[in-house]
Amino acid sequence: MPVLIVVPARYASTRYPGKPLVELRGADGIAKTLIRRSWDAAMQVKGVDRVVIATDDDRIAEAARGFGAEVVMTSVDCQNGTERCAEAVANIDGGYDIVVNLQGDAPLTPAWFVEDLVTGLRANPQADVATPVLRTEGRALNSFLADRRAGRVGGTTAVFGTSNNALYFSKEVIPYTGKTYEDADETPVFHHVGVYAYRPDALSSYPTWESGPLEQLEGLEQLRFLERGTPVLCVEVDGRGRQFWELNNPEDVPLIEAMLQEMGEA
């Protein structure tokens, strides 16, 4: 089952324009762009046949080619990363049984998150879309809550049923819990990791659907699948003590750099 990873990246982010070219300094003191770090994360995943960066911006394309990445140019009309992945797949030779969307703002994504996601989709032939979820510890949950109190969008959370199919995703912290958690405490809140694995038919159908009210309100692309009645399988992954965070706001840059320092990541 050949696997393709697509790293979608756009310059004109509403919340953080130019985000893919923002530099992040690692533990060795060397700064690398966000898109470079996301590419490096994708290249560490085992069992993948091809990795491409999909963008509509010449600045991102030039930077990506500069560090040796394969680039697929896409249109400016893509509304989100899933649409950009679908267009990228249509623009290349195809032949992939699973397409992974490793979004370009999650440079701390461990390789095993993606490997476990692909394994989970393969083990569930009835599933057409899958995404990883990570049980939060108090440290991450308290950061989410602090972001919301400050009016910032932090991480996305997910709730799912006994079949592990998603019930909902939100930029609010769900489910509600009134309990106070210490940094190392396990919590009932799951962080949605911004990676998706699709079977080709589900991915190619996605851009033909109109975006629904929930997707528009939350700004979460995966809700289009739920609103259309397509189940999204949630695959729980193990953080193995590693910190994980996406770059959503300028305020996240020092946080991610601190995590790189703490984990000794170059």
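See the structure printed just above.
Residues numbered from 1 in each chain as written. Predicted model: local features only at pLDDT ≥ 70, side-chain atom pairs only at ≥ 80, totals over all residues. Heavy atoms only, no water.

Caption draft 1: Representation of unusual backbone geometry within the structure. Here I174 and P175 are connected by a cis peptide whose omega angle stands at -5 degrees. Relative to the elements of secondary structure, P175 occurs in the loop between β9 (166-170) and β10 (186-192). Even without being glycine, N164 reaches a positive phi, approximately 70 degrees. Counting through the fold element by element, N164 comes out in the loop between β8 (156-160) and β9. Given a relative accessible area of 34%, N164 falls into the partly exposed group. You will see that R240, though not glycine, has its phi angle at about 50 degrees, which is positive. Given the relative accessible area of 54%, R240 is considered exposed. (Helix = DSSP H or I, 4+ residues; strand = E, 2+ residues; numbered from the N terminus. Buried < 20%, exposed > 50% of the residue type's maximum accessible area, 1.4 Å probe, protein only.)

Caption draft 2: Molecular detail of the packing of aromatic side chains. Tallying each qualifying case throughout the model produces 9 aromatic pairs. Between F160 and F190, the ring centres sit 5.0 Å apart and the planes meet at 70 degrees, which makes this aromatic pair edge-to-face. One end of the pair, F160, is in strand β8; the other, F190, is in strand β10, with 30 residues separating them in the sequence. Residue class for F160 comes out partly exposed when judged on its relative accessible area of 23%. Here the aromatic rings of W209 and F225 are separated by 5.9 Å at their centres, their planes lie at 90 degrees, and the arrangement is edge-to-face. Of this pair, W209 sits in the loop between α6 (200-205) and α7 (213-218) while F225 is found in helix α8 (residues 223-227), placing the two residues 16 residues apart along the sequence. Neither residue differs from the other here; W209 and F225 are each classed as buried. (Phe/Tyr/Trp six-rings, centres within 6.5 Å; stacked < 30°, edge-to-face > 60°.)

Caption draft 3: Expanded view of the side chain of S38. Positionally, S38 belongs in helix α1 (residues 34-43). Since its relative accessible area comes to 0%, S38 is described here as buried. Once you skip the residues sitting within four places of it in the chain, S38 turns out to touch V7, L102, Q103, G104, D105, A106 and P107. (Contact = heavy atoms within 4.5 Å.)

Caption draft 4: Representation of the nonpolar core. One finds I5, V7, I53 and V100 to be the most contacted residues of the largest nonpolar core, which totals 53 residues. The element that contributes the greatest number of residues to this core is helix α4 (residues 111-123), accounting for 7 residues. In this structure V7 touches I35, S38, A42, V51, V52, I53, A54, L102, Q103 and G104, once residues within four positions along its chain are discounted. Counting residues in each nonpolar core, the second largest holds 29 residues, with A86, A166, Y206 and L223 among its members. (Core = buried A, V, L, I, M, F, W, Y, C linked by side-chain atoms within 4.5 Å.)

Caption draft 5: Just the pairing of β10, in detail. In terms of residue burial, β10 counts as a mostly covered element, since 5 of its 7 residues are buried. As paired strands, strand β7 (residues 129-137) and β10 are joined by 4 bridges and run antiparallel to one another. Residue L134 lies in a different strand from β10, and its bridge partner there is H191. Summarising the sheet, β8 and β10 pair through 3 bridges and their orientation is antiparallel. Within β10, the residue paired with A158 across the bridge is F190. (Pairing = 2+ DSSP bridges.)

Caption draft 6: Here's a closer look at helix α2 (residues 58-66). Among the residues of α2, those classed as buried are I60, A61 and A64. In an axial view of α2, the angular spread of the buried residues amounts to 100 degrees, which keeps them on one side of the axis. Facing away from the buried surface of α2 by more than 90 degrees, the exposed residues are D58, E62 and G66. The inward-facing, buried residues of α2 abut β1 (3-9), α1, β4 (50-55) and β5 (71-73). (Arc of directions from axis to C-beta.)

Caption draft 7: Highlighting the state of the cysteines. Per the stated rule, a full pass over the model turns up 0 disulfides. Not part of a disulfide, C78 finds its nearest cysteine sulfur in C85, a span of 9.2 Å. (Disulfide = S-S within 2.5 Å.)

Caption draft 8: Structural view of the environment of T131. Inspection of the secondary structure assignment puts T131 in strand β7. Judged by its relative accessible area of 0%, T131 is buried. The sequence separation of T131 and Y196 amounts to 65 residues, and the corresponding C-alpha distance is 4.7 Å. In terms of polar contacts, T131 uses its side chain to reach the side chain of H192, at 2.6 Å. (Polar contact = N/O pair within 3.5 Å; in protein donor to acceptor, adjacent residues only side chain to side chain.)

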